[in-house]
Amino acid sequence: MLRLIDGLFRDGGPVSRLDVLIRAESLDMTEDSIGLVTLLPPGRYTRQRLCNQLNSAIVGHGWSREFGTYD
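All of these numbers come straight from a predicted model, not from anything done at the bench.

Asks: Describe the overall build of the protein chain, with residues and values.
Replies: Per the secondary structure count, the protein chain includes five helices and two strands. Secondary structure of the protein chain in N-to-C order comes out as α-β-α-α-β-α-α. Taking 11 Å as the expected radius of gyration for a compact globule of 71 residues, we find that the protein chain reaches 11 Å, a close match to that expectation. By its C-alpha atoms, the protein chain is 30 × 25 × 20 Å across when sized along the principal axes. The 71 residues of the protein chain split such that 37% are buried. Within the protein chain, contacts between residues at least 6 apart in sequence are counted, and of these 52% link residues at least 24 apart. Computed over 8 positive and 9 negative side-chain charges, the separation of the two mean positions in the protein chain equals 6 Å.

Below you can see the structure in the form of structure tokens.
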């Protein structure tokens, strides 16, 4: 997941939910990881906002052991 986040924000600008999903699929991430990405609400994300949304989904679904958290 960290590789996904780092790659998305290499250029520094905000990204869309679709950008995140396409990148996750292109990195051949696990089905669980892609499932986590699909929980993101539509919109544009800065790195911090994306991490906050992912962390909220992780904690809300009790997946902290599997995914950890991101910043």
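Asks: Kindly report on helix α3 (residues 31–38), identifying the contributing residues and their values.
Replies: Inspection of α3 places S33, I34, L36 and V37 among the buried residues, and these make up the whole buried set. Seen end-on, α3 carries its buried residues on one side only, within an arc spanning 155°.

Asks: An account of the environment of L40 is needed here, citing residue identities and associated values.
Replies: Mapped onto the fold, L40 is located in the loop between α3 and β2 (44–45). In this structure the C-alpha to C-alpha distance between L40 and L50, which are 10 residues apart in sequence, comes to 8.4 Å. If sequence neighbours within four positions are ignored, L40 has contacts with R17, V20, Y45, L50, Q53 and L54.

Asks: Please provide a residue-by-residue account of the side chain of S33, values included.
Replies: In this structure, S33 sits in helix α3. Given a relative accessible area of 8%, S33 falls into the buried group. Side chain to side chain, S33 and T30 meet in a polar contact 3.0 Å long. What S33 contacts, discounting residues up to four positions off in sequence, is M1 and F67.

Parameters at a glance
- Residues numbered from 1 in each chain as written.
- Predicted model: local features only at pLDDT ≥ 70, side-chain atom pairs only at ≥ 80, totals over all residues.
- Heavy atoms only, no water.
- Helix = DSSP H or I, 4+ residues; strand = E, 2+ residues; numbered from the N terminus.
- Rg over C-alpha atoms; globule rule 2.2 N^0.38 Å.
- Buried < 20%, exposed > 50% of the residue type's maximum accessible area, 1.4 Å probe, protein only.
- Contact = heavy atoms within 4.5 Å.
- Lys, Arg positive; Asp, Glu negative; His and termini not counted.
- Charge placed at Lys NZ, Arg CZ, Asp CG, Glu CD.
- Arc of directions from axis to C-beta.
- Polar contact = N/O pair within 3.5 Å; in protein donor to acceptor, adjacent residues only side chain to side chain.

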